[in-house]
Every structure is written in structure tokens, then in C-alpha cells.
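Geometric and topological summary
Take a look at the letters that make up each chain.
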Amino acid sequence: MKNAFEIIGGKKLKGEIVPQGAKNESLQILSAVLLTEEKITISNIPDIVDVNKLIELLGDMGVTIERLSDDTYTFEAKNIDQDFFQSDAFKAKGGGLRGSIMIVGPLLARFGKASIPKPGGDKIGRRRLDTHFLGFEKLGARFNYDTTEEFYNVDASNLKGTYILLDEASVTGTANIVMAAVLAKGTTTIYNAACEPYLQQLCKMLNRMGAKISGIGSNLLTIEGVERLGGTEHRMLPDMIEIGSFIGLAAMTGSEITIKDVQYKELGIIPEVFKRLGIKLELRGDDIFIPEQDHYEIDTFIDGSILTVSDAPWPGFTPDLLSIVLVVATQAKGSVLIHQKMFESRLFFVDKLLDMGANIILCDPHRATVIGLDKRIQLRGISMTSPDIRAGVSLLIAALSAKGKSTIYNIEQIERGYQHIDKRLIALGADIKRI
């Protein structure tokens, strides 16, 4: 298996690129097929490791899956094998996939019980699952955690609607609780609910299946439980993280790139944040056109003080794009403070950028000040290892803009989130090969 990229940087790219379907939406939508025994057709599914693993897991449970085209599948969860959840195969597969937590809500709703191994996933600090479990408990579920096996068994034979105030606006937590509540008896109110576009997509799909969810897009969701849900068709949004990554890539490499079919109205403040870094972009139909730019200058606040870019729950700026903003700022004119509030070790790839010649002061695990080089000094190619999906792509963008050769190891991290990224960038003129 060739698991490193060798990149010769400093080349201008040109052309069109189509973003894949949204990874984070896929994990929720695919889990929702368990809520009905009727057929569900889903399109624009990204061909990435985490999503393919979840599809495989659904098949192992007994879901009938048919692949209609590269990105379109039908799912029919008529005969679910309850014994599978106690098997070693489930413990191994479920434990290796963070998204596997998302099957718990639908299983509780439809079958009154579920099991889940302790999930793995990205190393970006602690990512608690308490929000999911506290929500299920409020609905009437009872947990039994086996410490030796690191395995949860959940009994929810009598789910009842209730008022839930989430301790954090967790996207996956909200999605999981919504899926458990749609078939519970009575009305559930979720306050401090996440309102990301992915979650709005899930709620709209559930409503098409017969659920009664109101307040979609706000942080107060009201769910009237129904007896059963039916089949539907659903298309994933394009991945906003990819779109942001490609905007950053164009600016860093001084390239003219068109990002196709971006569903602009679902991008929130993402385009504005990149504009504040001085990146020119224009909307053409539903495509984002980024012209070739030799320089881009970071805005300041109105009083002239240094710009701060920080993450926040939607409609704030997504934490998944902070590492891209940080990399892009290294070649801008001006300075910016990057403040990573939501996760504690997302900035730990900064040392690689320092080795490449970037000017960054890591203030603490959450904050970094970037002093832009204004493209006067090109980053230099180095050998490095990708710590997680988002940092991996940020380093890939840095390498594409750098002088000389870079090697990125551990690229399976990148491929968990970005489908065929090397082939798609080669089509734009990038010099990448697998070694």
C-alpha cells in the first residue's frame, strides 16, 4: 500500500473542481436508513473510508444495499440481525469507526435496544459522547457499560418525549437524539440544539419520511413522535470543508480555480472569512470562481486592531476550516490571531509549518498568531506526517505552494475525509504522486 504523497510544490493550478458530498452529513443520513423498513435512495455519497466503513457495517447488520451508480445507493433495513450486535465482528468494526455512534439513536427508536463499542476516530483532544447518552437517558433509555469489554448495552423499550437542554450544541449528539425522538411517544423539545446545515438536511429528510419536526435551522427543535416512518430519496449537500479547502488552495498557489455546484446559501459565513483574509472570490451561478492572485492582504478590525478568526457552533465559523485559514494566512500580507475554542489539540501541526519557514507564534494549545510572509518568502518542502484529517489537508495545501519536494506520510488520515484527493488535484495540474 502506497501511503505517502510526494509533492513538488510551487506550481500554479488551473481548472474546475467538484466538491464531494458532505462527509459529516453522510454519517447521519446513512444511519437514518435504520429508522424504516422501506427503501431509501441516497445520492452524492462521498467515496471515502469512513463512509464506506459505515455502509459496510449497515450491510453486516442485514440492511439490503444496492449501488445504483458511483455515488447513489438504495438501502432497505427490513431484516436487521439483532445477534450481530453482540458479535466480535461488530465490536471490532464499530470500535474502529467514530461515526458508528450514530446508529444508536435509530436502533433505540425502532427496536428499543442498542449496543455500541467505545468509538475511536481522530486525535483532536477529548470528544465526549456524554451529550448523546444524557439525551437518550432523558428519553428513558437505560445504560449498562461493560468496562472490561469497553462496550455499552442500552435498553430503550419505552422511549417517551421530554424536554432536553443539551449541555453542548453537539452536531452528532443532536442528530442522534433527534433520530431517537422521532418514534418516541409524545413530544420532545431539544434546546441548545445544533443547527448546522447537515442537521437541517437530516431533519428535512426525516420529515419527508413522515416525522414531525419543527424549528429546523434554529436551536430549538420540537419533535412530535410518530408511529412509523416510510421511505424517501435524499441528496447530500456538497462538503463545505472541501469547498473552504479549495478556496485556500487557490489563494496559496496563486491559481485560478472554479469550484462547481457549491450550494452557496448553505455555506454560511465561510466565504466571508476567506474574503477577510484578502482572497477574491465571486459567485457565478452556483459556482465559486477564484481568480489568480499574486497577493492577498488580511483585513483588520475597524479600529485597526489585529483580526481574530475563531470557531463557534453554527452559524459561527466551523472548527474544521481553522487549520486551512491558518495555512492560508502564512502567505498573506498582514497578521491574524487564530483562536481554536472548540477542540484542544487541533493546532498541533503548526511545528510542521514552522519547519517549512512559516512565521507563527503558538501562544497556547488554543491560539496561534500568524505573521504573513506576503509570498515574499516561499515555504520550503519538507517531510512530515499528517496528524488528523483537517491538518493533513492543510499540510497538503502548504506543500503544493512550497518550493521543492515535500513528502506527507500517514495519508490514510487525509483519505478518511477527502475522496481521491490526489487524482482531483492532478487534474488541476498539481504534481503529486503516491510512494
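A brief report on the enclosed structure follows.

1. Thoughts on the sheet that holds strand E4 (residues 64–69)
Reading across from one edge, E4-E5-E3-E13 is the order of the four strands in this open sheet, with mixed pairing throughout. Among the strands making up the open sheet, the edge pair consists of E4 and strand E13 (232–235). Here the average twist between neighbouring strands, direction ignored, is 20 degrees. Pairing of strand E3 (residues 39–43) with E13 involves four bridges; the strand directions are parallel. In the strand pairing of E13, isoleucine 40 is matched with threonine 232. Each of E3 and E13 touches helix H7 (residues 197–208); the most contacted strand, E13, lies at about 160 degrees to it.

2. Re the side chain of threonine 253
Position of threonine 253 relative to the elements: it lies in helix H8 (residues 240–253). Among residues more than four places away in sequence, those in contact with threonine 253 are Lys11, Lys12, Leu13, Lys375, Leu400 and Ser401.

3. Brief notes about the packing of aromatic side chains
Counting across every chain of the model gives nine aromatic pairs. Measuring from centroid to centroid gives 5.2 Å for phenylalanine 85 and phenylalanine 90, while their planes differ by 90 degrees, and the two rings are edge-to-face. The burial state of phenylalanine 85 is the same as that of phenylalanine 90; both residues are buried. Lysine 91 extends its terminal NZ or CZ atom over the ring of phenylalanine 151, reaching a point 4.7 Å from the ring centre. Over the ring of phenylalanine 289 we find arginine 284; its NZ or CZ atom is 3.7 Å from the centre of that ring.

4. Focus: the sheet that holds strand E17 (residues 307–310)
Sheet strands line up and pair through hydrogen bonds in the backbone, either parallel or antiparallel. Pairing within the open sheet is mixed, and its four strands lie in the order E17-E18-E20-E19. Two strands lie at the open edges of the sheet, namely E17 and strand E19 (360–364), each paired on one side alone. Mean inter-strand twist for the sheet, computed between neighbouring axes without regard to direction, equals 20 degrees. Pairing analysis gives five bridges linking strand E18 (residues 335–339) to strand E20 (residues 367–371), with the strands arranged antiparallel. The residue of E20 that forms the bridge with valine 336 is valine 370. The sheet strands contacting helix H10 (residues 322–329) are E17, E18, E19 and E20, and the helix crosses E18 at an angle near 160 degrees.

5. Comments concerning the packing of H8 against H10
Direction vectors running N to C along H8 and H10 enclose 5 degrees, while the axes themselves pass 10 Å from each other. The pairing of H8 with H10 is recorded here as roughly parallel in orientation. Listed contacts from H10 to Gly244, Ser245, Gly248, Ala251 and Met252 of H8 are Ile324, Val327 and Val328. Residue classes in the contact of H8 with H10 are distributed as five nonpolar, three polar and no charged.

6. Brief notes about helix H2 (residues 49–61)
The end-to-end C-alpha distance of H2 is 18 Å, a good match for the 18 Å that 13 residues give at a rise of 1.5 Å each. Those residues of H2 not exposed but buried are Asp50, Val51, Leu54, Ile55, Leu57, Leu58 and Met61. For H2, the angular spread of buried residues about the axis comes to 160 degrees, placing them on one side. Buried residues in H2 make contact with helix H1 (23–32), E4, strand E5 (72–76) and helix H3 (88–95). Of the residues trailing H2, glycine 62 is marked for its positive phi of about 115 degrees.

7. Considerations on the environment of tyrosine 198
Inspection of the secondary structure assignment puts tyrosine 198 in helix H7. According to the relative accessible area criterion, tyrosine 198 is buried, its value standing at 6%. For the pair tyrosine 198 and threonine 385, spaced 187 residues apart in sequence, the C-alpha to C-alpha distance is 30 Å. In contact with tyrosine 198, other than residues within four places in its own chain, are Ala22, Asn24, Glu25, Gln28, Met240 and Ile241.

8. Concerning the packing of helix H6 (residues 171–181) against H7
Look at H6 against H7: their axes get within 10 Å of each other, and the N-to-C directions meet at 10 degrees. In terms of axis orientation, H6 runs roughly parallel to H7. Contacts from Val171, Thr174, Ala175, Val178 and Met179 in H6 reach Leu199, Leu202, Cys203 and Leu206 in H7. Tallied by class, residues from the contact of H6 with H7 come to eight nonpolar, one polar and no charged.

Calculation notes
Residues numbered from 1 in each chain as written. Predicted model: local features only at pLDDT ≥ 70, side-chain atom pairs only at ≥ 80, totals over all residues. Heavy atoms only, no water. Pairing = 2+ DSSP bridges. Helix = DSSP H or I, 4+ residues; strand = E, 2+ residues; numbered from the N terminus. Axes fitted to C-alpha atoms, helices over the stretch in contact; angles between N-to-C directions. Contact = heavy atoms within 4.5 Å. Phe/Tyr/Trp six-rings, centres within 6.5 Å; stacked < 30°, edge-to-face > 60°. Buried < 20%, exposed > 50% of the residue type's maximum accessible area, 1.4 Å probe, protein only. Lys NZ or Arg CZ within 6 Å of the ring centre and 35° of its normal. Parallel < 35°, antiparallel > 145°, perpendicular 65-115°, else oblique. Nonpolar A, V, L, I, M, F, W, Y, C, P; charged D, E, K, R; others polar. Expected span 1.5 Å × (residues − 1). Arc of directions from axis to C-beta.

That is the geometry; function is a separate question.
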